[in-house]
Each structure stands twice: as C-alpha cells, then as structure tokens.
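Residues per chain are reported as follows:
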Amino acid sequence: MRLLVIEDYAPLRVALSAYLREEGCAVDAAIDGEEGWWHAQDAVYDAIILDRQLPRLSGDEILRRLRAAGRRDPVLMLTARGEVPERIAGLEAGADDYLVKPVALPELLARLKALVRRSSGAVQNTITVGPLQVDTGRRQAAVGARVLDLTAKEWCLLEHLVHHVGTVVPRDALWEHCYDFNEEPNPNRIEVHLANLRRKLSAAGADGLITNRRGLGYVLDAAP
Amino acid sequence: MISIRRRLLLGTVLAVALSSAVASGAAWFSVRAHLIAAADTDLHADAERLLSQLRQRGDELHWAGMGMGNATAASPEGWWVVVDERGSVRLSSPGGAAIAQTADGPTTMPDGRPGRIGHATGTVTAVGGRGRWGSEAPGGNNTLTCRVAKADTALQGTLSAVAWALGTATAVAAILAGFAALVLVRTVIRPVDRIAQAIAASRPEDERIAVEADSVPCELRGMVERADAFLAAAHDLLQRERRTAGNIAHELRTPLAGLAATIDHALARERDGAEYRQALARSRAVVTDTIHMVERLLLLTRLESGREPARRENIKIRAALMAALAGVSAEARQRGIVLPEVSGISAQQVAGDPDHLGLVLRNLLDNAVSHAVDGSAVTVTFEQHAADVVLRIANPAPTLSPDQVAQLAEPFFRGDGGRGATGRHAGLGLALCRRLASLNGWDIACTSEAGVFTATLRMTSTTSDLVPLA
C-alpha cells in the first residue's frame with residue numbers, strides 16, 4: 001500500500017510514517033501543503049493522510065486541487081478540528097474519511113485498509129483467487145489451511161495484485177505501490193520479491209497463480 | 001417588595017380619591033356657607049319687614065303685634081320678638097318671648113327643632129302722643145330690635161342632600177379612578193413588562209434583547225440600548241471564550257496525537273532498548289513542548305483576566321536582548337541564519353517588568369528566526385524618539401496580507417496556517433507579546449512589506465545615551 005502522509009507536526013508525522021512502514025506500507029511524508037501537493041502530483045497513492053491546517057497550502061486546497069484534477073485517491077483527513085461542522089466541511093471538500101486527533105494508529109490503519117478496499121471495489125476483506133485466500137484486513141494470505149509467511153514487501157506486492165485480479169500490472173506500478181519516494185527505483189528488487197512470493201505460493205500448493213507477461217508486467221489469476 | 005403595578009395602581013387610586021375628597025370638601029363648605037348666608041339674609045329681611053310694619057303703624061305698637069301674623073306670613077314657621085333698647089320685650093309672636101338668645105346663628109326653636117336667628121334694628125316713631133307702655137315719647141323715636149327665629153329644616157335637608165351628593169360623587173370618582181388606573185397602569189406597564197420579559201428570557205448567546213426598537217417607549221430606550229450593549233459584550237465574550245476553548249482543545253490535540261502516535265508505534269511490536277529509549281525521548285520532547293504551550297496559555301489567561309502582576313524596574317536592554325538571542329542562537333546556527341551582534345548596545349534602560357521584557361524579546365526573536373528564510377539574517381535596530389526607545393526586529397519572510405498582519409495579535413492565529421516543524425508555534429507568541437507590552441505601557445506593531453516582517457517594540461526610556469546597533 002503506497003501512502004502519502006501530509007502533516008506539519010513532526011512528532012506525529014514521524015511516528016505515523018514509521019508505524020505505517022512497519023506495517024508494510026510505502027510511505028511518503030510531507031511537512032507542509034506545498035510539499036504534499038508536489039508528492040500528490042508526482043504519484044498515485046492508495047490513500048492520502050491529510051492534515052487540514054497546514055502551512056503554505058491548506059489541506060482543503062490540496063483536496064480541492066486533487067479532485068479538480070480528476071484524482072480519486074482515497075483521502076483520510078486527520079485533523080485536530082473535531083467539531084461537527086468541521087467534519088462536515090472536510091467530508092464535503094472531498095475527503096473519504098475524517099479522523100480527529102489524537103487517534104490510535106491501529107484504528108487509523110484499519111480505516112486506511114477500509115478506504116483502499118472500497119476504492120478497489122471489493123466489498124469484503126477476504127479475496128479468493130483459486131486456492132489462494134487473501135484477508136486484507138488481517139493482512140494474511142493462506143492456501144487452504146496453510147498460512148503463508150510473507151515479508152512486508154511480498155505482502156505489499158500480493159495485496160496490489162489481488163486488488164487487480166486478472167489485470168496485467170506493470171512492474172512500475174508495483175514499484176510505485178510498494179516503495180516510497182525515497183527509494184531508488186530498482187526493477188530487480190521487484191523481481192526478487194516476486195520470485196520469493198511465487199515460490200512460497202508454489203510450496204503451499206498454489207502454483208502458477210502469478211504469471212509474467214513479458215514486457216507488460218505481472219498478472220494474478222486463478223486460470224492463467 | 002410591592003410590584004410596580006400595585007404601586008402605580010394604589011398611588012393612582014389614592015391620589016384620585018384624595019383629590020375628589022378635597023374637592024368635595026371644598027364644595028361642601030362653599031355650598032354650606034352660601035346656603036347659610038342666604039338663610040341669614042332671609043331672616044334679616046323678615047326682621048326688617050317686621051320693623052317696617054311697626055313704623056307704618058306708628059304708636060299702634062300694641063296693635064302692631066296683633067298683625068304680625070301678616071308679617072310672618074311668608075315664614076309661617078317663624079317666631080319673632082321685638083325688644084327695646086333696654087332689652088325689654090315689647091311685642092312677640094306666640095311663644096316668641098322664649099327667644100332669649102340675642103346672637104344670630106343656630107338655635108333651638110321653642111318646639112325643639114333646630115333653627116336660626118336673625119335680627120334687624122331700627123327706630124320706630126310713636127305717634128298720637130300716647131304710648132302703649134307709658135315710657136315712649138309721643139312722636140319720639142324708639143329704637144327697637146326685632147329678632148326672628150326660623151326652623152332651618154329645609155336648609156339642613158338641603159345641606160344633607162348636598163353632602164350625600166358630594167360623598168357619592170367622591171366614592172364614584174374613586175371607583176372610576178380605580179378602573180381608569182387599572183387601564184392606565186396596564187397601558188403604562190405593558191412595554192416595561194415586555195422589556196422585562198425579553199431581558200429575563202435573553203441568554204448570553206443572544207446578541208440583543210428580543211424587542212422591536214419601535215415598540216420601546218422613548219423613556220426606556222436608553223436602558224434597552226444599554227442592556228443590548230451589555231448583551232452584545234456578553235455575546236462577544238462568550239464567543240471568544242468558546243473560540244479560545246476550541247482553539248485550546250485543538251492545540252492540545254495535536255501534541256497529544258503526536259504523543260499517542262509515538263507510543264502506539266513503540267508498542268506496535270517488540271523492540272530493543274535503544275528503540276524504546278528513542279520513543280521515550282520523542283515523547284518527552286512532545287511533553288516538554290506541550291508544557292511550554294500550556295504555560296503560555298496560562299500566562300495569556302492571566303493577562304486577559306488582569307491577574308498577571310507587573311513589576312516596575314529599570315531594565316538593561318542589552319542584557320535582556322543578549323539572553324533572548326542566546327535562546328534562539330542554536331536554531332539560527334542550524335539554519336544558517338545570522339543574528340545581530342549585541343556588543344554595540346549601550347547601557348540603555350527602559351522601565352517595566354524585566355521578566356516580561358525577556359518574554360517579549362524571546363518571543364519576537366523566536367518568531368523572527370522561525371519564520372526567516374534559511375541563510376538569511378535577522379536584524380535588530382534601535383531608535384530614540386523623545387523619551388521612547390524603539391526596537392525593531394526584522395526578518396525576511398513571505399509577505400503577509402494586511403488582514404493577516406492585523407490578526408497576528410489574535411491568539412492561535414498563524415500567518416502561515418501551520419504550527420511549524422517543531423510544533424512550538426501555536427499562534428500565541430505575538431498575542432502574548434501584545435498583551436505583555438500593553439501591561440507594561442509599551443507598544444508592539446507589526447508590518448509585513450516586500451518580503452520583510454518587522455516587529456516594532458516601543459518602550460519608555462530611562463536614559464538617553466543610545467548607540468545605534470547595526
């Protein structure tokens with residue numbers, strides 16, 4: 001899951017970004033509105049965590065620009081303004097969810113997952129592809145009764161492919177989804193993680209679910 | 001406490017009743033005096049008539065009495081007596097000798113009824129040379145007094161009727177006055193009632209009393225306007241209090257969110273000691289910042305409620321400025337911001353509270369460094385204007401609009417909308433500075449022009465040997 005955190009309060013931004021990274025997300029963090037808007041223009045995110053009161057460019061303005069540009073990235077507004085009119089204003093500005101500070105990070109993560117799930121069109125957390133069952137809520141993949149032991153990057157790749165079942169996902173898109181802005185693009189790392197993922201699937205009895213379409217990308221499908 | 005309505009009602013009824021009683025009393029005495037005077041005039045006329053008859057009959061006084069019935073025909077209920085100048089009764093009507101009273105006025109008639117006495121005195125000439133009583137000089141003048149007494153039953157009846165009429169009129173007037181007073185009082189009190197109810201129903205949230213301006217009598221308009229002014233002030237105060245409470249909650253939520261996130265992250269999985277120590281250190285930094293902010297909030301509260309005391313001392317600007325510069329030098333060094341030298345400052349002194357000046361200078365310099373462009377310079381200049389020292393702290397920064405500059409002294413207003421990377425800037429600094437300056441008799445003004453933000457602090461000088469600072 002590729003996320004953008006736009007928060008000017010350093011302690012919150014640092015802790016939130018670190019937590020989300022540890023949960024397997026690729027996180028870009030921006031310290032003010034202008035930097036946030038710059039990131040938002042540069043990449044498509046699975047979700048954006050947006051503070052409302054930001055220096056240089058307000059959260060509302062970023063949201064307005066994003067929607068005006070036709071972008072549908074799910075936006076979770078995280079702000080200290082908790083009054084009902086403020087929440088309504090935030091949601092009406094185009095936010096998909098609104099959380100009032102302080103917030104428990106596990107709850108924030110759960111809401112982000114729900115946002116990503118809704119945006120991908122899935123109605124429930126568990127997605128089944130042939131013998132493979134992927135629970136995006138619990139971040140768990142299993143083949144039959146056998147639970148796969150995946151690294152954060154492997155999970156990230158699988159999660160993205162699962163949300164695009166039957167669709168060829170370019171390698172660049174996989175990179176953008178799983179690595180943040182600070183990572184130097186390196187397609188070989190994607191290859192390595194995908195090879196490990198395919199090996200674990202095969203060992204669990206779900207061989208051939210992920211196939212490589214040479215020059216195009218990768219596809220996850222039950223009947224390749 | 002008696003209500004205004006009852007007071008007005010009672011007062012009006014009493015006033016009308018008293019006026020009616022006085023008027024009736026005056027009328028009573030006037031009518032009574034008039035009737036009595038008329039009765040006395042009648043008595044006098046009767047007595048004159050009798051004497052006139054005696055004069056016409058000359059010496060036939062003896063017989064004159066026989067014909068007195070004619071003389072009293074007009075007043076058949078009368079008694080009369082004619083006395084000579086010695087007081088001897090010469091003639092009298094039957095029973096008239098019983099009239100022993102010599103003074104005019106009320107009396108009791110021989111038959112026991114109340115009556116009045118009147119008299120007339122005149123001379124009667126005896127003719128024929130023979131007096132009836134032997135003492136009269138024939139042809140001489142005999143001075144005689146005729147007293148006439150008449151029952152005044154009719155007069156008393158008239159007086160009683162008048163008294164009843166006047167009494168009844170007074171009572172009716174009092175009753176009518178009561179009804180009129182009810183209507184009057186209700187009419188007079190209605191607007192007061194309406195205003196009182198509106199005031200009683202008003203809440204601090206209301207900006208004005210809920211009465212139409214046109215319906216307020218001119219006598220009460222001033223009071224209503226004053227009450228409106230008080231209510232508007234209370235409304236503003238409440239709004240400000242709510243805004244402040246909301247802002248405080250908002251400002252506290254953000255560091256609390258930082259603290260909670262740091263703790264949540266630390267507890268998300270098992271970590272080594274170094275990581276826990278790092279999380280604790282970050283948490284401590286957040287707590288320190290929060291304590292700092294709460295202290296400033298408390299100071300602001302004390303200042304706004306007038307509970308912050310201010311000492312009056314001579315303060316050396318140089319020492320205060322050096323201390324304030326030392327407080328921001330680390331951040332300035334880190335960001336390559338050049339701070340002014342303080343070696344050139346003379347021993348200039350100003351009057352005020354040294355702690356407050358320290359806070360003001362620290363806040364102004366802190367703002368200047370925080371908002372200055374990296375690698376730029378913060379400047380401090382002095383000027384002497386008469387007895388004032390003018391200190392200017394300037395830094396390059398994005399230009400603010402005049403509206404933004406005007407709002408800088410408002411608590412929680414931040415020119416750039418955010419709280420800064422460290423979270424220190426909650427928008428309290430300039431609000432505190434403005435209030436501290438005001439408390440000490442200083443003045444702070446801010447300008448933002450052509451990419452330079454300038455805070456000007458004007459203070460009262462206690463010496464005049466200023467040396468400009470580069």
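Small disclaimer: the values here were computed from a predicted structure and weren't measured. (Residues numbered from 1 in each chain as written. Chains lettered and ligands numbered in written order. Predicted model: local features only at pLDDT ≥ 70, side-chain atom pairs only at ≥ 80, totals over all residues.)

Engineer: Sorry if this is basic, but what is going on with the overall build of chain A here?
Structural biologist: Scanning chain A for helices and strands turns up 8 helices and 11 strands. For chain A, the proportion of its 224 residues judged to be buried stands at 46%. Sequence separation of at least 24 residues holds for 59% of the intrachain contacts in chain A that already meet a minimum separation of 6. (Helix = DSSP H or I, 4+ residues; strand = E, 2+ residues; numbered from the N terminus. Buried ≥ 20, exposed ≤ 12 C-beta atoms within 10 Å, placed from the backbone. Contact = placed C-beta atoms within 7 Å.)

Engineer: Quick question: what am I supposed to make of the overall build of chain B here?
Structural biologist: From N to C terminus, chain B includes 10 helices and 11 strands. Counting only residues that meet the buried cut, chain B has 29% of its 470 residues in that class.

Engineer: Looking at this structure, I do not really get the packing of helix α8 (residues 354-371) of chain B against helix α10 (residues 429-439) of chain B. What am I missing?
Structural biologist: Axis angle and axis distance: for two packed helices, these are the angle between their axes and the distance between the axes, and together they describe the pair. Residue and element names in this part refer to chain B. Interaxial distance between α8 and α10 falls to 9 Å at its minimum, and their mutual angle equals 150°. One finds that α8 runs roughly antiparallel with respect to α10. In terms of crossing hand, the pair formed by α8 and α10 is left-handed. Within the contact between the two elements, α8 uses His356, Leu359, Val360, Asn363, Leu364, Asp366 and Asn367 and α10 uses Gly429, Leu430, Leu432, Cys433, Leu436, Ala437 and Leu439. Its residues assigned to classes, the contact of α8 with α10 shows 9 nonpolar, 4 polar and 1 charged. (Axes fitted to C-alpha atoms, helices over the stretch in contact; angles between N-to-C directions. Parallel < 35°, antiparallel > 145°, perpendicular 65-115°, else oblique. Left-handed = near helix turned anticlockwise from the far one by under 90°. Nonpolar A, V, L, I, M, F, W, Y, C, P; charged D, E, K, R; others polar.)

Engineer: So what exactly am I meant to see when it comes to the interface of chain B and chain A here?
Structural biologist: Accessible area lost on assembly of the parts is the figure often given for the size of an interface. The interface of chain B with chain A comprises 24 residues on the first partner and 25 residues on the second. Where the side of chain B that touches chain A is concerned, the elements lending two or more residues are α5 (218-267) and α6 (273-304) of chain B. The leading source of residues in the side of chain B that touches chain A is α5 of chain B, at 12 residues.

Engineer: Is there a simple way to explain the sheet that holds strand β3 (residues 47-50) of chain A in this structure?
Structural biologist: Strand pairs in the sheet, formed through backbone hydrogen bonds, run parallel or antiparallel to each other. Residues and elements named next belong to chain A. With parallel pairing, 5 strands are arranged side by side in an open sheet as β2-β1-β3-β4-β5. What marks the edges here is a single partner per strand, and that holds for β2 (26-30) and β5 (97-100). The sheet shows a mean angle of 20° between the axes of neighbouring strands, taken without regard to direction. Strand direction decides the pairing type here: β3 and strand β4 (residues 75-79), joined by 3 bridges, are parallel. Paired with isoleucine 49 across the two strands is leucine 76, which belongs to β4. In this fold helix α2 (residues 33-42) packs onto β1 (2-6), β2 and β3, with an angle of close to 160° to the strand it touches most, β1. (Pairing = 2+ DSSP bridges.)

Engineer: Even after reading the chapter, I still don't get the environment of histidine 235 of chain B, so can you show me in this structure?
Structural biologist: Residues and elements named next belong to chain B. Relative to the elements of secondary structure, histidine 235 occurs in helix α5. Remark: the alpha-carbon pair of histidine 235 and glutamate 205, spanning 30 residues in sequence, is separated by 5.3 Å. In this view, histidine 235 contacts Pro204, Glu205, Asp206 and Glu207; residues no more than four positions away in its chain are not counted.

Engineer: What should I look at first to understand helix α1 (residues 10-22) of chain A in this one?
Structural biologist: Quick reminder: α-helices carry 3.6 residues per turn. Residues three or four places apart thus point the same way. If you check α1 of chain A, its first and last C-alpha atoms are 18 Å apart, about what 13 residues at 1.5 Å a residue would give, namely 18 Å. Looking only at α1 of chain A, the buried set comprises Pro11, Leu12, Arg13, Ala15, Leu16, Ser17, Ala18, Tyr19 and Leu20 of chain A. Tucked into the core, α1 of chain A has its buried residues touching β1, β2 and α5 (105-120) of chain A together with α5 and α6 of chain B. Taken from the residues just after α1 of chain A, glycine 24 of chain A is the one with a positive phi, measuring 95°. (Expected span 1.5 Å × (residues − 1).)

Engineer: Help me out: how do you make sense of unusual backbone geometry in this one?
Structural biologist: Peptide bonds are mostly trans, and most non-glycine residues show a negative phi. Residues and elements named next belong to chain A. Between lysine 101 and the following residue, proline 102, the backbone shows a cis peptide bond with an omega angle of -10°. Along the chain, proline 102 turns up in the loop between β5 and α5. The backbone of arginine 139 sits at a positive phi, close to 55°, despite the residue not being glycine. Within the secondary structure, arginine 139 sits in the loop between β7 (132-135) and β8 (140-143).

Engineer: Just checking my understanding: could you explain the pairing of strand β10 (residues 443-449) of chain B for this structure?
Structural biologist: Where a strand is regular, its side chains alternate between the two sheet faces. All names here are of chain B. Pairing between β10 and strand β11 (residues 452-460): 7 bridges, direction antiparallel. When the sheet's bridge partners are listed, threonine 447 is paired in β11 with threonine 454. The turn linking β10 back onto β11 is made up of 2 residues, and alanine 450 within it adopts a positive phi angle of 50°.

Engineer: What's the story with the sheet that holds strand β6 (residues 126-129) of chain A in this structure? I'm lost.
Structural biologist: All names here are of chain A. Taken in spatial order, the 4 strands of this open sheet run β6-β7-β8-β9, and their pairing is antiparallel. Of all the strands in the sheet, the pair left with one neighbour each is β6 and β9 (146-147). Note that β8 and β9 share 2 bridges and pair antiparallel. Bridged to valine 143 within β9 is arginine 146.

Engineer: How should I be thinking about the packing of helix α7 (residues 317-334) of chain B against α8 of chain B in this particular structure?
Structural biologist: Residue and element names in this part refer to chain B. Contact geometry of α7 with α8 gives a least axis separation of 8 Å together with a crossing angle of 30°. One finds that α7 runs roughly parallel with respect to α8. The crossing of α7 and α8 is right-handed. For the pair formed by α7 and α8, the contact residues are Ala320, Leu321, Ala323, Ala324, Leu325, Gly327, Val328, Glu331 and Ala332 on the first element and Pro354, Leu357, Gly358, Leu361, Arg362, Leu365, Asp366 and Val369 on the second.

Engineer: What is the right way to look at the confidence of the model for chain B in this model?
Structural biologist: The predicted structure's coordinates, where accompanied by low pLDDT, should not be read in detail. All names here are of chain B. Across chain B, pLDDT averages 81, with 85% of residues at or above 70. Of the regions scoring below 50 in pLDDT, residues 59-75 engages in 30 contacts with residues more than four places distant in sequence or in other chains. Every residue in residues 127-135 scores below 50 in pLDDT, and together they form 15 contacts with partners more than four places removed in sequence or on other chains. (pLDDT = per-residue confidence, 0-100.)

Engineer: Please explain the environment of leucine 10 of chain B as it appears in this structure.
Structural biologist: Following the sequence through the fold, leucine 10 of chain B ends up in helix α1 (residues 4-57). When the C-alpha atoms of leucine 10 of chain B and glycine 178 of chain B are compared, they prove to be 8.3 Å apart, with 168 residues separating the residues in sequence.

Engineer: I'm lost on the pairing of β6 of chain A in this one. Help?
Structural biologist: Residue and element names in this part refer to chain A. Pairing of β6 with β7 involves 4 bridges; the strand directions are antiparallel. Among the inter-strand pairings, threonine 126 is bridged to a residue of β7, identified as aspartate 135. Between the end of β6 and the start of β7, which pair antiparallel, lie 2 residues, with glycine 130 showing a positive phi angle near 60°.

Engineer: What should I look at first to understand the confidence of the model for chain A in this one?
Structural biologist: This prediction gives chain A a mean pLDDT of 88; 99% of its residues lie at or above 70. Summarising per-element confidence for chain A, the mean pLDDT is lowest in helix α4 (residues 84-92) of chain A (84) and highest in β3 of chain A (95).

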